[in-house]
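# Survey of secondary and tertiary structure
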Amino acid sequence: MNDGLMVFTDNLNAAWYAVPVFPNTMIICTIHYNETTCDFVYSVVVPISNISAFVYNCIDLQGRNIIGLFESNATCSFYLSNEQIVFNYSTQDNFIISINGDNTGIYGFADDFLFYYELNSTFQLIVWPNSLNISPRAVDIGANIDYAVVVGYCQLAPAYAVDCGFIVSLNRSLSCPNSTNAFSMINSNQFAYSDPRINQYLTNSRDYSAQTVMSVSIAWRTRCVLIGVQSFNMVLLYSLDDPMHPIGTRQNGIGLMGFGKSVVWLDDQGEKAVILANSYTYSTYQWISSFVHIYDVQSDGFSDSTQPVLIYPNSQQILFRWMLPEFIRLVCSSHGHLAIFDGLGIPAIIYSTPSGSYPNTNSTYFTSNTVPCIRGTYRNYNGIELCIPCSNGTYAYSNSCSSCTQPDSFCPYGAVEEISYSTFESIEQDQDYPESPENTVFDDILMQNMFSFNTQSGHCVLVSPITWVLLVIGLGVILAGGMFIHEFFFPGIHITRDGTKRILKKMDLIGEGEVFQFLIHIFFVDSTNTDRYPTD
């Protein structure tokens, strides 16, 4: 990817796809393999400058190693400019290429050979045996023409290979590239005995697997190198001037791998590192999660305690709608545009936006769009990061944070503007809680409520126990009084008493009428029989 073109390849559908780099694009140019002799493509590179061209390396149906160039004279008008075979070498399991800083040539690194492919009218191809003693996994030249960094695995014994890396001198005299300095890579002895990485090594450096993928990126402005070794779940930061002592390292936990599967500098300034922070199970390499981390190495350094300034996806920059959550590769352009590839090779581009805005990924396209910063936040530089809130005592104004000047100003974290405290109305939020009752024993509470008569509402009077007690007593008094009067004035007629007895017998379900019969006998019979109560 450069600032004008992104190219990716799809071996399943046997095609390259070229995408012009500009916002809200839906243009995808398709170039089929049948225009070449390719059967399987290893990789593709584009010039650093905004040139609509790309170089590929592949194998044909006979297993021969191929290098070729496509150029374009208009949008989606690519044609095969040149293609050559690397003769005398069999199919390579590890075969990588990189373009030099002035776009004049391609350097190739494979298990058995090295080559230089000159991008001019002659298209000269020069091939040498691999004298670096490395099975390459990643290479980067960057914006220079003199040096490259190659990382991979070195065979130290017949059944023992370890990760290694070299600074390689690229001779303009078209002589074979040679290593000048070696990097002090990861030593498994640095891990604890309980760490499974302590016994990690390869038996054959040339055996390719997804777990052994490595990545490298050079920033020539700061002369810093990022090397990602995902099998160790670690990324290392070096200075080109001291490859034997890392500036910093960062790992992503024990029992996992995948951190550093792909690394790149965000732009040509070489101040912010972009790292593909994948998590796979260590034993089975089963995918768990994928995130993109951006670290401000220039300001914050690089260590296990360094926090990223951006993690994608996030709540404001969500995953593109059609993308899988598993990422496999990152690339960046010199102006800070970021391209992400998911597990199916589907791309998405997050564009660098100007100050006062940020890239929104909730888009119908496979590219982000530019939206203004949320009120109370700001960003005063170009980039793909989110806008950040202003601190206490300041408020966001014109892509910066302005200090609150008034002594009674209210300027909290993320303030939109300066507001005086006098504009706020005081609200009394204290509420008196109800006092606890004097009685807390259930029996006491029950007795208190049974004999209380609450007249605050009709409902309270209706459900009060004392109301129904008084009602029943009143009905009983009326009934007894009426019968007593009837028996007093009409002693020989017992119609009222007999009827009442029959009714009360029916109501006395437990005593089968005996209780009410006894009561009636006392009140209405004995009260009229004066013989049983003699007088003095």
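Residues numbered from 1 in each chain as written. Predicted model: local features only at pLDDT ≥ 70, side-chain atom pairs only at ≥ 80, totals over all residues. Heavy atoms only, no water.

The protein chain carries the name Tyrosine-protein kinase ephrin type A/B receptor-like domain-containing protein in an unreviewed UniProt entry, which gives Rotaria magnacalcarata as its organism.

### Section: the pairing of strand E20 (residues 256-265)
Regular strands have side chains that alternate between both faces of the sheet. Counted residue by residue, E20 has nine buried out of ten residues, so it is predominantly covered. Here six bridges tie E20 to strand E21 (residues 272-281), and the two strands are oriented antiparallel to one another. Bridged to Trp265 within E21 is Ala273. Adjacent in sequence and paired antiparallel, E20 and E21 are bridged by six residues, among which Gly270 carries a positive phi angle near 65°. (Buried < 20%, exposed > 50% of the residue type's maximum accessible area, 1.4 Å probe, protein only. Helix = DSSP H or I, 4+ residues; strand = E, 2+ residues; numbered from the N terminus. Pairing = 2+ DSSP bridges.)

### Focus on the UniProt feature "transmembrane region" (unreviewed entry) in the protein chain
In the numbering used here, UniProt assigns the "transmembrane region" (unreviewed entry) feature to residues 466-485. The span residues 466-485 is 100% helical and 0% strand by assignment, and the distance between its end C-alpha atoms comes to 28 Å. (UniProt positions renumbered as here; feature names shortened; annotations may be inferred.)

### Side note on the sheet that holds strand E5 (residues 53-59)
An order of E4-E5-E6-E7 is seen for the four strands of this open sheet, with the pairing classed as antiparallel. Edge positions in the sheet fall to strand E4 (40-45) and strand E7 (78-86), since each of these pairs with one other strand and no more. Here the average twist between neighbouring strands, direction ignored, is 20°. (Axes fitted to C-alpha atoms, helices over the stretch in contact; angles between N-to-C directions.)

### Digging into the nonpolar core
Grouped together as the largest cluster of nonpolar side chains are 24 residues, with contacts concentrated most on Val149, Val225, Ile227 and Val229. Those elements giving two or more residues to this core turn out to be strand E13 (147-157), strand E14 (160-169), strand E16 (214-219), strand E17 (224-229) and strand E18 (234-239). The contact partners of Val229, leaving out residues within four places of it in the chain, are Met185, Ile186, Met214, Met234, Leu236, Phe259 and Gly260. In terms of nonpolar packing, the next biggest core, distinct from the first, is built from 23 residues, Val274, Phe327, Leu338 and Ile350 among them. (Core = buried A, V, L, I, M, F, W, Y, C linked by side-chain atoms within 4.5 Å. Contact = heavy atoms within 4.5 Å.)

### As for unusual backbone geometry
A cis amide bond links Tyr312 with the next residue in sequence, Pro313, at an omega value of 0°. Its location among the elements puts Pro313 in the loop between strand E23 (310-312) and strand E24 (327-332). Of note in the backbone geometry, Ala14 takes a positive phi value of approximately 55° without being a glycine. Residue Ala14 is classed as partly exposed on the basis of its relative accessible area, which comes to 30%.

### Let's talk about the state of the cysteines
Per the counting criterion, the structure on display carries six disulfides. Sulfur-sulfur distance for the disulfide between Cys373 and Cys387 comes to 1.9 Å. Its S-S torsion of approximately -65° makes the covalent link between Cys373 and Cys387 left-handed. Taken together, the residues span a long stretch of sequence, with Cys373 in the loop between strand E28 (369-372) and strand E29 (377-378) and Cys387 in the loop between E29 and strand E30 (388-389) at a distance of 14 residues. A disulfide bridge connects Cys390 with Cys401, and the sulfur atoms are separated by 2.0 Å. Between Cys390 and Cys401, the disulfide has an S-S torsion of -95° and is therefore left-handed. Pair noted here: Cys390 is in the loop between E30 and strand E31 (394-396) and Cys401 is in strand E32 (residues 401-403), with a separation of eleven residues, a long-range link. Each bonded cysteine of the protein chain gets a number by its place in the sequence, and the pairs then read 1-4, 2-3, 5-6, 7-8, 9-10, 11-12. (Disulfide = S-S within 2.5 Å.)

### As for the packing of aromatic side chains
In total, this model carries 24 aromatic pairs according to the counting rule given. Ring centres 5.4 Å apart and planes at 65° place the aromatic pair Tyr42 and Phe95 in the edge-to-face group. Remark: Phe95 occurs in strand E8 (residues 95-99) and Tyr42 occurs in strand E4; sequence separation between them is 53 residues. Residue class for Phe95 comes out buried when judged on its relative accessible area of 4%. Residues Phe54 and Phe70 carry aromatic rings whose centres are separated by 5.1 Å and whose planes lie at 20° to one another, so their mutual orientation is stacked. Of this pair, Phe54 sits in strand E5 while Phe70 sits in strand E6 (residues 65-72), and the two are 16 residues apart along the sequence. Judged by relative accessible area, Phe54 falls into the buried class, the value being 0%. Taking the relative accessible area as the measure of exposure, Phe70 reaches 0% and is therefore buried. (Phe/Tyr/Trp six-rings, centres within 6.5 Å; stacked < 30°, edge-to-face > 60°.)

### Remarks on the pattern of salt bridges
Following the criterion strictly, the structure yields six salt bridges and no others. Between Arg221 and Glu271 there is a salt bridge; the shortest N-O distance is 3.4 Å. Taken as a pair, Arg221 in the loop between E16 and E17 and Glu271 in the loop between E20 and E21 lie far apart in primary sequence, 50 residues in all. Between Asp241 and Arg223 there is a salt bridge, and its shortest N-O distance comes to 3.1 Å. Pair noted here: Asp241 is in the loop between E18 and strand E19 (248-251) and Arg223 is in the loop between E16 and E17, with a separation of 18 residues, a long-range link. Taking relative accessible area as the criterion, Asp241 reaches 58% and is therefore assigned exposed. (Salt bridge = Lys/Arg side-chain N within 4 Å of Asp/Glu carboxyl O.)

### Here's the deal with the sheet that holds E8
In spatial order, the strands read E8-E9-E10-E11; together these four strands make up an open sheet with antiparallel pairing. Looking at the sheet topology across the chains shown, the edges are occupied by E8 and strand E11 (125-129). If you compare each strand with its neighbour and ignore which way they point, the axes differ by 15° on average. Pairing of strand E9 (residues 105-110) with strand E10 (residues 113-118) involves five bridges; the strand directions are antiparallel. Bridged to Tyr107 within E10 is Tyr116.

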